Amino acid sequence: RKEVEQDPGPFNVPEGATVAFNCTYSNSASQSFFWYRQDCRKEPKLLMSVYSSGNEDGRFTAQLNRASQYISLLIRDSKLSDSATYLCVVRGTGGSYIPTFGRGTSLIVHP
Amino acid sequence: GAGVSQSPSNKVTEKGKDVELRCDPISGHTALYWYRQRLGQGLEFLIYFQGNSAPDKSGLPSDRFSAERTGESVSTLTIQRTQQEDSAVYLCASSLRLASDTQYFGPGTRLTVL
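Just so we're clear, the structure is a prediction, and the values are computed from it rather than from any experiment.

## Brief notes about the state of the cysteines
Point 1. Inspection of every chain in the model, using the stated rule, returns two disulfides over all chains.
Point 2. Here A:Cys23 pairs with A:Cys88 through a disulfide, and the sulfurs are 1.9 Å apart. One disulfide, between A:Cys23 and A:Cys88, carries an S-S torsion of -70° and so falls in the left-handed class. One end of the pair, A:Cys23, is in strand E3 (residues 19–25); the other, A:Cys88, is in strand E9 (residues 84–91), and 65 residues separate them in sequence. Each of the two residues, A:Cys23 as well as A:Cys88, counts as buried.
Point 3. Sulfur-sulfur distance for the disulfide between B:Cys23 and B:Cys92 comes to 1.9 Å. Here B:Cys23 and B:Cys92 share a disulfide; its torsion about the S-S bond, -60°, makes the bridge left-handed. Here the residue B:Cys23 occupies a position in strand E3 (residues 19–24), and B:Cys92 occupies one in strand E8 (residues 88–95), the gap between them amounting to 69 residues.
Point 4. We classify B:Cys23 as buried; its relative accessible area is 0%.
Point 5. The buried category is assigned to B:Cys92, whose relative accessible area is 0%.

If you want it as structure tokens, here you go:
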């Protein structure tokens with residue numbers, strides 16, 4: 001089983017739709033969780049950290065479920081500009097600062 | 001302020017040649033990471049530096065790969081005797097500290113080995 005798994009998609013949704021991605025991780029000792037966004041042929045950029053209590057930033061909501069070892073990202077009212085690949089990142093297993101990146105989930109928002 | 005910069009942006013080389021990739025982190029950032037991203041794949045950790053501590057080289061795929069960093073400034077990633085499977089985008093990221101949540105990525109160097 002891979003350390004961090006994501007459905008590669010693509011998820012094709014119309015503007016205004018709500019879409020959710022999940023990411024599962026294999027090591028229960030993982031400490032920190034993040035979502036990064038990567039546009040085509042560009043570098044990744046931090047979208048949001050994921051906290052145990054869940055967190056929201058505008059149209060984006062991230063949740064952590066430690067019992068089932070997954071994190072989720074919910075995007076409401078999708079915009080064309082949300083089209084990108086969303087990378088799940090897990091860090092801090094066994095005191096390590098090495099992040100493990102998922103392969104990413106591709107989102108395409110169409111008019 | 002200036003972000004992370006990398007050079008060259010593109011590098012085409014012949015199999016067997018050595019290449020050197022450069023990363024300029026954000027000023028004041030003590031932590032610096034190198035990653036490799038093959039086409040359609042996730043980011044693969046290679047090495048990180050934190051201040052003057054010994055780097056964590058656990059992700060380097062073979063002894064053909066090495067990296068150096070001078071203090072808290074520029075880093076170079078060297079690949080000796082390049083192979084076709086080394087073709088990828090090499091990304092550098094820096095953060096204020098090793099434990100910082102946010103890593104700031106450079107635009108990457110796209111390496112093609114013919």
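## Quick word on the sheet that holds strand E7 (residues 75–79) of chain B
Residue and element names in this part refer to chain B.
Point 1. The antiparallel open sheet is built from four strands, whose spatial order is E1-E3-E7-E6. Both edges of this open sheet fall to strand E1 (5–7) and strand E6 (65–69), since each of them pairs with a single strand only. Geometrically, the sheet is characterised by an average inter-axis angle of 15° between neighbouring strands, direction not taken into account.
Point 2. As paired strands, E6 and E7 are joined by five bridges and run antiparallel to one another. By the bridge assignment for E7, Ser66 is matched with Thr78.

## Notes on the environment of B:Phe49
Residues and elements named next belong to chain B.
Point 1. When you line up the elements, Phe49 lands in strand E5 (residues 43–50).
Point 2. Counting along the chain gives 44 residues from Phe49 to Ala93, while the straight-line C-alpha distance between them is 11 Å.
Point 3. Here Phe49 is in contact with Thr30, Ala31, Leu32, Trp34, Pro55, Ala67, Glu68, Arg69 and Ser75, once residues within four sequence places are set aside.

## Looking at the side chain of B:Gln37
Point 1. Within the secondary structure, B:Gln37 sits in strand E4 (residues 31–37).
Point 2. Once residues lying within four places of it in the same chain are set aside, the contact partners of B:Gln37 are A:Gln38, B:Gly42, B:Leu43, B:Ala88, B:Val89 and B:Leu91.

## Some remarks on the sheet that holds strand E6 (residues 55–57) of chain A
Think of a sheet as strands paired side by side through backbone hydrogen bonds, with each pair either parallel or antiparallel.
Residues and elements named next belong to chain A.
Point 1. On the basis of which strands lie adjacent, the open sheet formed by five strands has the order E1-E3-E8-E7-E6 and antiparallel pairing. Edge positions in the open sheet fall to strand E1 (4–6) and E6, since each of these has one partner strand only. Direction aside, the axes of adjacent strands within the sheet are offset by 20° on average.
Point 2. As paired strands, E3 and strand E8 (residues 70–75) are joined by six bridges and run antiparallel to one another. Opposite Thr24, over in E8, you have Tyr70 as the bridge partner.

## Observations concerning the side chain of B:Arg69
All names here are of chain B.
Point 1. By the element assignment, Arg69 lies in strand E6.
Point 2. Look at Arg69: it is buried, it has no salt bridge, and the nearest opposite charge is Glu72 at 5.9 Å.
Point 3. Reaching out from Arg69, the side chain makes a polar contact with the backbone oxygen of His29 at a distance of 3.0 Å.
Point 4. At 2.8 Å, the side chain of Arg69 forms a polar contact with the backbone oxygen of Thr30.
Point 5. Not counting residues up to four positions away in its chain, the partners in contact with Arg69 are Pro25, His29, Thr30, Ala31, Leu32, Phe49, Gly51, Val74 and Ser75.

Rules used in this analysis
Residues numbered from 1 in each chain as written. Chains lettered and ligands numbered in written order. Predicted model: local features only at pLDDT ≥ 70, side-chain atom pairs only at ≥ 80, totals over all residues. Heavy atoms only, no water. Disulfide = S-S within 2.5 Å. Helix = DSSP H or I, 4+ residues; strand = E, 2+ residues; numbered from the N terminus. Buried < 20%, exposed > 50% of the residue type's maximum accessible area, 1.4 Å probe, protein only. Pairing = 2+ DSSP bridges. Axes fitted to C-alpha atoms, helices over the stretch in contact; angles between N-to-C directions. Contact = heavy atoms within 4.5 Å. Lys, Arg positive; Asp, Glu negative; His and termini not counted. Salt bridge = Lys/Arg side-chain N within 4 Å of Asp/Glu carboxyl O. Polar contact = N/O pair within 3.5 Å; in protein donor to acceptor, adjacent residues only side chain to side chain.

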